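Secondary and tertiary structure notes
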Amino acid sequence: MPKMGESVMEGTVLEWKKAVGEAVEQDETLLEISTDKVDSEVPSPEAGTLVEILVQEGETVDVGTPIAVIGSGAAASGSAPAPEAGGDAPAPYETSTGGAAAEVAAAAPAVREAQAVAPGEAGPIPSRDEAGNVYSPLVRSIAEAEGVSLAELQSIAGSGANGRVNKDDVKAYLEARASAPMGQSASASVPAATPAATPVPVAPAPAAQPPTRAEAAKAVATPTTDAAGERVEVIEMDRMRQLIAEHMRRSKDTSAHVTSFAEIDVTGLVRHREAHKAEFQRREGVKLTYTPYFIEAAIEPLREHPLLNSSVEGTRILVKKDFHIGIAVAIGTKGLLVPIVRNAGQQNLTGLAHTVADLADRTRNKKLQPDELQGGTFTITNVGSLGSLMGTPIINQPQSAILSPGAIVKRPVVVTGPDGGDVIAIRHMMYVSLSYDHRIIDGSMAASFLAAYRRQLEAYAVDTPLL
């Protein structure tokens, strides 16, 4: 189990991307793991063949625990003798027992042959069937425990990588099979296994077709009726949503939340970005988004209001001298993560644009290290990028404040004309909210911070140097 950050001591195997016997290239994704901070894809440190999986999907083990054996060349195929004890290990995850990888590899063909069963019979499931379909250890264990035959597995439309059947597919199939009327199975072509010790194969019905995964999922998702007559659908939270729920609840229990708002005329900022974004992307290779502007504009107001860049520890206030700004990045519809822009006060707009682009890309592609999600001193969540006019975000513990720029919209507003009189003009306007911990930050300080932030954003103009 790789160490995914200084404070991370254990990891959970979410999914193996390769099955026993499959070849794997160096740096190709081998498995996906989860820590208490982030889900990450783990690349293979070497090229070779996955000889043995030591930690199954769903298991949690300490950092440094062997999780797999990778063999290379003849050792992986079993055609070469096992290495001497104490010799060079053929794989990065091999245990200290000499020759373990070669012995497992040599026995693998016999094991696969022993696992092969006739289609339609419930029993041991091979890791790879004659059609080339690969089944993970977790899928095989669920199928064998529930009496799902190989033929039934072959009838399930997999939703995993390359059409592979995963545990969710099997669970959906089992739910559909259980809800089928008595005398019928979820797959008309393959009957449900009976609980007898020796399942009896039944000839398939010629006219029926096996259900697709979408059909099976629809059967599972169909609302049930509870005792009160209400139609409900039960959805289990995934691990990310559980972690977010716990973090948000703990924040509300810890901090006395208050939110203040300000309205900002960002017409100059919009014009500056529109004038420079095309050239900036050609020159720097990254897009010039609004987030770097929002970060840069926050640094001086934070220097002027240091309590907003602090945390509370008992009765002590820890004022942070560096500005490590968290940026909320949405992960599709699953949730969000908050990677940290380190030392934002030492970066110009160009540097911030590069850092933000890199963090956002690696967050969405599960390439972040857990340490990149820790140590933030202040957070900015750009709800405007999702179309929201404003929001009241929850403080990201143990910080004391979180800033939320809303959507930029054009509106008619009253401004001062060239002659000093009032005129109505079309301007780009934006609401900004600041949620803060009222234990140490009062409304007057929050209002002063927002006023300073407004001055910073309204100072941008088309001719502002882009450094």
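Residues numbered from 1 in each chain as written. Predicted model: local features only at pLDDT ≥ 70, side-chain atom pairs only at ≥ 80, totals over all residues. Heavy atoms only, no water.

What to know about the overall build of the protein
The secondary structure content of the protein amounts to eleven helices and 20 strands. A total of 467 residues make up the protein; the buried ones form 41% of that total. Relative to all contacts within the protein whose residues are 6 or more apart in sequence, the contacts with residues 24 or more apart total 60%. (Helix = DSSP H or I, 4+ residues; strand = E, 2+ residues; numbered from the N terminus. Buried < 20%, exposed > 50% of the residue type's maximum accessible area, 1.4 Å probe, protein only. Contact = heavy atoms within 4.5 Å.)

As for the nonpolar core
Grouped burial of nonpolar side chains is what soluble globular proteins tend to show. One finds Phe 378, Leu 434, Tyr 453 and Leu 457 to be the most contacted residues of the largest nonpolar core, which totals 52 residues. Top element by residues in this core is helix α9 (residues 290–304). It accounts for eight residues. Those residues within four positions of Phe 378 in sequence are excluded, and the remaining contacts are Leu 302, Leu 308, Asn 309, His 324, Ile 325, Gly 326, Gln 399, Ala 401, Ile 402, Leu 403, Leu 434 and Phe 449. Trp 16, Leu 30, Leu 50 and Ala 68 belong to the second-largest nonpolar core, a separate cluster that totals 15 residues. (Core = buried A, V, L, I, M, F, W, Y, C linked by side-chain atoms within 4.5 Å.)

Some words on the sheet that holds strand β3 (residues 29–34)
Think of a sheet as strands paired side by side through backbone hydrogen bonds, with each pair either parallel or antiparallel. If you trace the four strands from one edge of the open sheet to the other, you get β4-β3-β1-β6, paired in antiparallel fashion. Lying at the two open borders of the sheet, with one neighbouring strand each, are β4 (39–43) and β6 (60–62). On average, each strand axis in the sheet is inclined to that of its neighbour by 40 degrees, with strand direction left out of account. Of the strand pairs in this sheet, strand β1 (residues 10–16) and β3 are connected by four bridges, and their pairing is antiparallel. Directly across from Val 13, in β3, lies its bridge partner Ile 33. (Pairing = 2+ DSSP bridges. Axes fitted to C-alpha atoms, helices over the stretch in contact; angles between N-to-C directions.)

Looking at the pattern of salt bridges
Scanning the entire structure with this criterion turns up 19 salt bridges. The partner of Arg 282 in a salt bridge is Glu 279, with the nearest N and O atoms 3.0 Å apart. Remark: Glu 279 and Arg 282 occur in helix α8 (residues 267–284); sequence separation between them is three residues, near one turn of the helix. Exposure remark for Glu 279: the relative accessible area of 41% places this residue in the partly exposed category. It is possible to trace a salt-bridge network through shared partners that takes in Glu 15, Lys 17, Glu 32 and Lys 366. (Salt bridge = Lys/Arg side-chain N within 4 Å of Asp/Glu carboxyl O.)

Points about unusual backbone geometry
Gln 397 connects to Pro 398 through a cis peptide bond whose omega is 5 degrees. If you trace the backbone, Pro 398 turns up in the loop between β17 (378–380) and β18 (401–405). Even without a glycine there, the phi angle at Asp 27 is positive, about 75 degrees. Mapped onto the elements of the fold, Asp 27 is located in the loop between β2 (23–24) and β3. In this structure, Asn 343 is a non-glycine residue whose phi angle is positive, near 50 degrees. Relative to the helices and strands, Asn 343 resides in the loop between β16 (340–341) and α10 (349–364).

With respect to the environment of Leu 288
Position of Leu 288 among the secondary structure elements: in the loop between α8 and α9. Classification of Leu 288 by relative accessible area gives buried; the value is 2%. In this structure, Leu 288 is in contact with Arg 273, His 276, Lys 277, Phe 280, Tyr 293 and Leu 466, ignoring residues within four places of it in sequence.

Examining the sheet that holds strand β5 (residues 48–53)
The three strands are arranged β2-β5-β7 in an open sheet whose pairing can be described as antiparallel. Here the strands that pair on one side only, and so sit at the sheet edges, are β2 and β7 (68–71).

As for the packing of α8 against α10
Interaxial distance between α8 and α10 falls to 13 Å at its minimum, and their mutual angle equals 65 degrees. Viewed along their axes, α8 and α10 adopt a mutual orientation that is roughly perpendicular. Once α8 is placed against α10, the crossing between them reads as right-handed. Between α8 and α10, the contacting residues are His 272, Phe 280, Arg 283 and Glu 284 on the first element and Leu 349, Thr 350, Ala 353 and His 354 on the second. A per-class count over the contact of α8 with α10 returns three nonpolar, three polar and two charged. (Parallel < 35°, antiparallel > 145°, perpendicular 65-115°, else oblique. Left-handed = near helix turned anticlockwise from the far one by under 90°. Nonpolar A, V, L, I, M, F, W, Y, C, P; charged D, E, K, R; others polar.)

A look at the environment of Arg 362
The residue Arg 362 is located in helix α10 in this model. For Arg 362 and Pro 339, which are 23 residues apart along the polypeptide, the C-alpha to C-alpha distance reads 9.5 Å.

Focus: the packing of aromatic side chains
Throughout the structure, instances matching the rule amount to four aromatic pairs. Seen from their ring centres, Phe 378 and Phe 449 are 5.9 Å apart, and the 55 degrees between their planes marks the pair as tilted. Taken together, the positions of Phe 378 in strand β17 and Phe 449 in helix α11 (residues 443–458) put the pair 71 residues apart, joining distant regions of the chain. Judged on exposure class, the residue Phe 378 and its partner Phe 449 are both buried. Considering the side-chain rings of Phe 449 and Tyr 453, the 6.2 Å spacing of their centres and the 5 degrees angle between planes classify their relative orientation as stacked. With a gap of four residues between them, Phe 449 and Tyr 453 both fall in helix α11, about one helical turn apart. Under the relative-accessibility criterion, Tyr 453 is labelled buried at 0%. (Phe/Tyr/Trp six-rings, centres within 6.5 Å; stacked < 30°, edge-to-face > 60°.)

Looking at α9
Structural remark: α-helix, 3.6 residues per turn; residues separated by three or four positions point the same way. The largest bend in α9 comes to about 25 degrees, at Ala 298, with the proline Pro 301 one to four residues further on. For α9, a buried count of eleven out of 15 residues is recorded, marking the element as mostly surrounded by other parts of the structure. Of the residues making up α9, those classed as buried are Tyr 290, Thr 291, Pro 292, Tyr 293, Phe 294, Ile 295, Ala 297, Ala 298, Ile 299, Pro 301 and Leu 302. (Bend = angle between axes of the 7 residues up to and from the residue.)

Re the pairing of β5
Alignment of β2 against β5, held across two bridges, turns out to be antiparallel. Within β5, the position partnered with Val 24 by the bridge is Gly 48.

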